[in-house]
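Chain residues, written in single-letter form:
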Amino acid sequence: MPLSWFGHEWLYIVLFTIVGIPILLLLLFWTLERLGYFPRKHPPGKCTHCGYDLTGNVGGRCPECGAKAG
Ligand SMILES: [Zn+2]
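Remember, it's a predicted structure, so these values are computed and weren't measured experimentally.

1. A short note on the overall build of the protein chain
1) Next: Helices and strands together make up the secondary structure of the protein chain, namely one helix and zero strands.
2) Next: Within the protein chain, the fraction of its 70 residues that count as buried is 4%.
3) Next: Sequence-distant contacts, at least 24 apart, represent 0% of the contacts inside the protein chain between residues at least 6 apart.

2. Overview of the environment of threonine 55
1) Next: Among the structural elements, threonine 55 can be located in the segment after α1 (3–34).
2) Next: Residues threonine 55 and glycine 45, ten residues apart in the sequence, show an inter-C-alpha distance of 5.1 Å.

3. Considering the environment of threonine 48
1) Next: Relative to the assigned elements, threonine 48 resides in the segment after α1.
2) Next: Note on threonine 48: 15 C-beta atoms within 10 Å, which makes it partly exposed.
3) Next: Along the backbone, threonine 48 and lysine 68 are 20 residues apart, and their C-alpha atoms lie at a distance of 8.4 Å.

4. Here we look at the environment of aspartate 53
1) Next: As for its position among the elements, aspartate 53 is in the segment after α1.
2) Next: Between the alpha carbons of aspartate 53 and proline 63 there is a distance of 9.6 Å; along the sequence they are ten residues apart.
3) Next: Ignoring sequence-local partners within four residues, the contact set of aspartate 53 consists of Gly45 and Lys46.

Parameters at a glance
- Residues numbered from 1 in each chain as written.
- Predicted model: local features only at pLDDT ≥ 70, side-chain atom pairs only at ≥ 80, totals over all residues.
- Helix = DSSP H or I, 4+ residues; strand = E, 2+ residues; numbered from the N terminus.
- Buried ≥ 20, exposed ≤ 12 C-beta atoms within 10 Å, placed from the backbone.
- Contact = placed C-beta atoms within 7 Å.

This is the structure we're talking about:
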């Protein structure tokens with residue numbers, strides 16, 4: 001195995017670190033956001049679980065995901 005192969009390997013590792021880590025962080029942030037790790041204010045009349053529009057809903061339960069409305 002030539003020594004230069006290691007040089008290229010390092011180049012790929014450095015490139016992956018520079019390009020990959022921000023992408024991984026973005027993916028992580030996006031995943032956590034999707035999972036609801038970051039609390040955010042839900043607009044009134046929307047399901048707190050899935051965001052389904054509950055305007056006029058009288059059943060007290062989201063028809064979309066079954067979560068308790070309100
Ligand atoms: Zn829902």
